[in-house]
Amino acid sequence: MTTRPGEESLVAFARARLAAGDDAPAVFLELVAEEAAPPDAAIAVCVAAGSSRADAESCLEQFEGLWEILEPGEEGDTAYLLAVGGYFEPDAVLDEDEQEIVAQLNAVLTTISGIPSGFAAGCLRDLRTGRLAEAFLRLERLGTIRWADNPRFWAAMCRAGRTFPDGHADLDAARQRCHDA
């Protein structure tokens, strides 16, 4: 895969801004303000955050069509959509135990319907980026509100909870709540 002229400088700029503590959407907006094409800015930030260029380009395909409808002044909305979609966060490389946790959490998702879209996006982003405890906690919190009377959900949550190592106070408490549900 070849890089276009200027791409490396966009990545270098993004990497420096992220290292300085700026968040990815802000860096994307800085690049666009400096006249970078929005797709090029998005790829640069994604690569600077740790993804390979091939992965950044591939993941950007899920946002196909966004660039055509982008109006001047809507760059902030675009940055928000990219961030919420988890675009700027690299996929985690999961070990065998973590892959089992993901499989169990995916099994939990098969027991429910009517999942709010924002919740689903956040949960799937947590799974993809390796924030597995956060995904479990997110499911447990919403489960108490939306699926409190779904025994399949709670049984699957108990199975998923057993795949996590002990010693995480919030996770241990959530596992107990799942068991008690």
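Described in the following lines is the structure provided in the data block.

Quick notes on the rules
Each chain carries its own residue numbering, running from 1 in the written order of its sequence. Per-residue local features of the predicted model are confined to residues with pLDDT of at least 70, and side-chain atom pairs are confined, for both listing and counting, to 80 or more; whole-chain, interface and lining totals are unaffected and use all residues. As a rule here, side-chain values cover all heavy atoms of the structure and leave hydrogens and water aside. Each helix is a run of H or I in the DSSP string that is no shorter than four residues. Each strand is a run of E no shorter than two, and both are numbered from the N terminus. Three labels apply to residues, based on accessible area from a 1.4 Å probe with only protein chains included: buried if under 20% of the type maximum, exposed if over 50%, partly exposed otherwise in between. In what follows, a contact means two residues having at least one pair of non-hydrogen atoms within 4.5 Å. Whenever a helix is involved, its axis is fitted only over the stretch in contact; in every case the axis is a line through C-alpha atoms, and angles between N-to-C directions fall within 0 to 180 degrees. Any angle between 65 and 115 degrees counts as roughly perpendicular, while under 35 counts as roughly parallel, over 145 as roughly antiparallel, and the rest as oblique. Note on convention: near helix rotated counterclockwise from far helix by under a right angle means a left-handed crossing. Clockwise means right-handed. Only Asp, Glu, Lys and Arg are considered charged, only Ala, Val, Leu, Ile, Met, Phe, Trp, Tyr, Cys and Pro nonpolar, and every remaining residue, Gly among them, polar. Residues enter a patch when their relative accessible area is above 30% and they make no salt bridge; the linking distance is 9 Å between like charges and 5 Å between nonpolar side chains (Val, Leu, Ile, Met, Phe, Trp, Tyr). What sets the accessible areas is the Shrake-Rupley method with a 1.4 Å probe; for residues, cover comes only from the shown protein chains. When a carboxyl oxygen of Asp or Glu is within 4 Å of a side-chain nitrogen of Lys or Arg, the pair counts as a salt bridge. Counting rule for charge: Lys and Arg are taken as positive, Asp and Glu as negative, and neither His nor the chain ends is counted. To locate a charge, take atom NZ for lysine, CZ for arginine, CG for aspartate or CD for glutamate. For a helix, the expected span equals 1.5 Å multiplied by the number of residues minus one. It is the directions from the helix axis to the C-beta atoms that the arc portrays.

Considerations on the side chain of D126
Stage number 1. With respect to the secondary-structure elements, D126 resides in helix α8 (residues 117-129).
Stage number 2. Residue class for D126 comes out buried when judged on its relative accessible area of 2%.
Stage number 3. Sequence-distant contacts of D126, defined by excluding residues within four places in its chain, comprise R131, L132, E134, A135 and R138.

Overview of the packing of helix α2 (residues 24-33) against helix α3 (residues 38-48)
Stage number 1. The contact between α2 and α3 brings their axes to 9 Å, and the two run at 140 degrees. Between α2 and α3, the interaxial angle falls into the category oblique. Between α2 and α3 lies a crossing of right-handed hand. Across from A24, V27, F28, L31 and V32 in α2, the residues of α3 making contact are P38, A41, A42, A44 and V45.
Stage number 2. Within the contact of α2 with α3, the residues separate by chemical class into 10 nonpolar, no polar and no charged.

Quick look at unusual backbone geometry
Stage number 1. Non-glycine residue E35 carries a positive phi angle of around 80 degrees.
Stage number 2. With respect to the helices and strands, the residue E35 is situated in the loop between α2 and α3.

With respect to a negative patch on the surface
Stage number 1. On the surface, a cluster of negative charge is contributed by D95, E96, D97 and E100.
Stage number 2. Relative to the helices and strands, E100 is located in helix α7 (residues 96-109).
Stage number 3. Exposure remark for E100: the relative accessible area of 37% places this residue in the partly exposed category.

Thoughts on helix α1 (residues 7-19)
Along an α-helix, a turn takes 3.6 residues, which lines up residues three or four apart on a common side.
Stage number 1. Its 13 residues give α1 an end-to-end C-alpha distance of 18 Å, which sits within 8% of 18 Å, the value for a rise of 1.5 Å per residue.
Stage number 2. Among the residues of α1, those classed as buried are E7, L10, V11 and A14. For α1, the angular spread of buried residues about the axis comes to 95 degrees, placing them on one side.
Stage number 3. Packing partners of the buried residues in α1 comprise α2, α3 and α4 (53-60).
Stage number 4. Just beyond α1, the residue with positive phi is G21, at close to 105 degrees.

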